[in-house]
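Summary of structural features
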Amino acid sequence: MATIYSAKKIEKILEKIDASMLGENVAIKVHFGEKGCTTYLSPKVVHKVFDKVVSLGKKATLVECNVLYKGSRTNSTDHLKTAQEHGFDRPIEILDGEEGQEYTLVKGCKLGKGIKKFDSLIVLTHFKGHMMAGFGGSLKNIGMGLASRAGKLQMHANIKPSVSDECIGCGVCIEHCNAKAITLVDGKAVIDKDKCEGCAMCIALCSTGAISVPWGSENPQGLQNKIANYASAVLTLFPKAVFINVLENITKDCDCMDFEQKPIMEDQGILCGTDIVAVDKASLDLANKSSGGKFNKINAINKDKQIEFAEKLKLGTSKYNLIEL
Ligand code: SF4
Ligand code: SF4
């Protein structure tokens, strides 16, 4: 049975973290929120976690990877600007290179290359709903969040990207496709699905948004399993990891949405533990209990499937003892 701590304030949670739980070079995985999102993780909470790590005599860095879609966090330059505009002012490293193209292969998963330089991990997560995975907790924060762009495409889609009529034939995607999978036919780009290696670079570079991710090609269960597989790959790199789920501003959809969302329930405080399955399960149970089952009904996806699959992968246990601080 795992021990999970619960508190209203981050300071109480931080009292439970000591130097022995971390290495010397600590990555703090966060999500800075897409431009337009207003309910992302509080920078004040993030800074307190960062400062605690530094006070223990460790090096700390906020880490993230670029996103798959076109937005304010598609490349590292824009991503850092968005983070700064959202109030994050501690050292940040985007782990998968300027265009999200740099990855390291771990257990078949394409993780942001920079992750390998760290020796321990704090996963600091805004807990909320997610339209395709049901909910976003610690598993999703590292499973999806530490994947390079190619890894994200691998999880989200079973088929390759395609080009819409919005293509203006500029040729930028052709120039940057290392697989030489794109040609211009009658003034429009065409992707050879057999040659395409799924790196997703063309999606990031196309200025008209003509190349899209085939979002619906993976079903929710498949996506949840892939997220857990990716989380498993990440955790093989980190024997020392701490998971903190912040149950504040709990929204129906995730922080990748570029618009304002209203919280769907009261804030529930912060949960913390060293077992990723238990911390997500405890968060899910708390959100459900406090909302009278409303959280479970959002997005019409069986959220327990993510937990069950992660437990099957032996990432942790769904049985926990909740201690209120
Ligand atoms: S980058 Fe976009 S607009 Fe330009 S050729 Fe490729 S698909 Fe068409
Ligand atoms: S996803 Fe990568 S390999 Fe496939 S067409 Fe786009 S740039 Fe080429």
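Just so it is clear, the structure is predicted and the values come from calculations on it, not from any experiment.

Glancing now at the overall build of the protein. Per the secondary structure count, the protein includes 11 helices and 16 strands. Computed over the C-alpha atoms, the radius of gyration of the protein is 19 Å, within 12% of the 20 Å expected from 2.2 N^0.38 for a compact globule of 325 residues. For the protein, the spread of C-alpha atoms along the principal axes amounts to about 65 × 45 × 35 Å. Looking at the protein as a whole, 57% of its 325 residues qualify as buried. For the protein, the proportion of contacts with a sequence separation of at least 24, taken over those separated by at least 6, is 76%. On the protein, roughly 13600 Å² of surface is accessible, and the fraction owed to carbon and sulfur atoms is 52%. Both charge centroids of the protein, one from 42 positive and one from 38 negative side chains, sit 4 Å from each other.

Here we take up helix α2 (residues 43-55). For α2, spanning 13 residues, the distance from its first C-alpha to its last is 18 Å, which sits close to the expected 18 Å at 1.5 Å a residue. For α2, the elements touching its buried residues are α1 (10-14), β2 (25-29), β3 (59-64), β7 (120-126) and β14 (241-247). By the N-cap criterion, in which a side-chain oxygen at the helix start approaches the backbone nitrogen of a residue two or three places on, α2 is capped by S42, the distance to K44 being 3.1 Å.

Right, let's get into the domain arrangement of the protein. Here the domain parsing of the protein yields domain 1 (2-155 + 217-324) and domain 2 (160-213). Averaged C-alpha coordinates put domain 1 and domain 2 at centres separated by 31 Å. Across the contact, 9 residues belong to domain 1 and 12 residues belong to domain 2. Approximately 840 Å² of surface area, both sides summed, lies buried where domain 1 meets domain 2, with 72% of it carried by carbon and sulfur atoms. Joining domain 1 to domain 2, the criterion identifies 0 salt bridges. At the boundary of domain 1 and domain 2, one finds 2 residue pairs in polar contact (both at pLDDT 80 or more).

So, about the sheet that holds β14. Here we have 8 strands laid out as an open sheet, ordered β4-β3-β2-β7-β14-β15-β1-β16, and mixed in their pairing. At either end of the open sheet lies a strand with only one pairing partner, and these are β4 (92-94) and β16 (320-324). Averaged over all adjacent pairs, the angle separating strand axes in this sheet is 25 degrees, with direction ignored. Judged from the 5 bridges that link them, strand β1 (residues 2-7) and β16 form a sheet pairing that is parallel. Counted as the bridge partner of I4 is L322 from β16. In the packing of helix α9 (residues 276-290) onto the sheet, contacts are made with β1, β14, β15 (269-273) and β16, and the angle to β14 comes to roughly 10 degrees.

Our focus in this paragraph is the site of ligand 2. By nearness alone, every residue bordering ligand 2 is listed as C177, A179, I182, I191, C196, E197, G198, C199, A200 and C202. Counted by class, the shell around ligand 2 contains 8 nonpolar, 1 polar and 1 charged residues.

Our focus in this paragraph is the pattern of salt bridges. Scanning the model with the defined rule gives 16 salt bridges in all. Here D89 makes a salt bridge to R90, at a shortest N to O gap of 2.5 Å. A relative accessible area of 54% means that D89 is categorised as exposed. Under the relative-accessibility criterion, R90 is labelled partly exposed at 22%. Across the pair D253 and K252 runs a salt bridge, and its minimum N-O distance is 3.3 Å. Exposure remark for D253: the relative accessible area of 12% places this residue in the buried category. Judged by its relative accessible area of 36%, K252 is partly exposed. Ionic contacts of the salt-bridge type, sharing partners, join the residues K29, E34, E64 and R73 into one network.

Here we take up the site of ligand 1. Residues in contact with ligand 1, as listed here, are V163, C167, I168, G169, C170, G171, C173, A189, C206, T208 and I211. Of the residues that constitute the shell around ligand 1, the class distribution is 8 nonpolar, 3 polar and no charged.

Take the nonpolar core next. Counting residues in each nonpolar core, the largest one holds 52 residues, and the members touching the most others are L111, I115, L121, I142, I276 and F295. Of all the secondary structure elements, the ones that give two or more residues to this core are β1, β6 (109-112), β7, α4 (138-143), α8 (220-236), β14, α9 and α11 (304-312). In this structure, I276 is in contact with S138, L139, I142, L235, F243 and L315, ignoring residues within four places of it in sequence. Core analysis: the next-biggest nonpolar cluster, separate from the first, contains 30 residues, A7, I10, I28 and V30 among them.

On to the environment of I28, then. By the element assignment, I28 lies in strand β2. What makes I28 buried here is its relative accessible area of 0%.

The next subject is unusual backbone geometry. In the Ramachandran plot, D186 falls in the positive-phi region, its phi being about 50 degrees despite a non-glycine side chain. Among the structural elements, D186 can be located in the loop between β11 (182-185) and β12 (188-191). Under the relative-accessibility criterion, D186 is labelled exposed at 78%. Of note in the backbone geometry, A200 takes a positive phi value of approximately 70 degrees without being a glycine. Within the element layout of this structure, A200 appears in the loop between β12 and α7 (201-205). A200 gets classed as buried once you look at its relative accessible area, which sits at 3%.

Cut-offs applied
Residues numbered from 1 in each chain as written. Chains lettered and ligands numbered in written order. Predicted model: local features only at pLDDT ≥ 70, side-chain atom pairs only at ≥ 80, totals over all residues. Heavy atoms only, no water. Helix = DSSP H or I, 4+ residues; strand = E, 2+ residues; numbered from the N terminus. Rg over C-alpha atoms; globule rule 2.2 N^0.38 Å. Buried < 20%, exposed > 50% of the residue type's maximum accessible area, 1.4 Å probe, protein only. Contact = heavy atoms within 4.5 Å. Areas by Shrake-Rupley, 256 points an atom, 1.4 Å probe, with all protein chains shown as cover. Lys, Arg positive; Asp, Glu negative; His and termini not counted. Charge placed at Lys NZ, Arg CZ, Asp CG, Glu CD. Expected span 1.5 Å × (residues − 1). Polar contact = N/O pair within 3.5 Å; in protein donor to acceptor, adjacent residues only side chain to side chain. Domains from an automatic or database assignment. Buried area = accessible area lost by both parts, 1.4 Å probe. Salt bridge = Lys/Arg side-chain N within 4 Å of Asp/Glu carboxyl O. Pairing = 2+ DSSP bridges. Axes fitted to C-alpha atoms, helices over the stretch in contact; angles between N-to-C directions. Near = heavy atom within 4 Å. Nonpolar A, V, L, I, M, F, W, Y, C, P; charged D, E, K, R; others polar. Core = buried A, V, L, I, M, F, W, Y, C linked by side-chain atoms within 4.5 Å.

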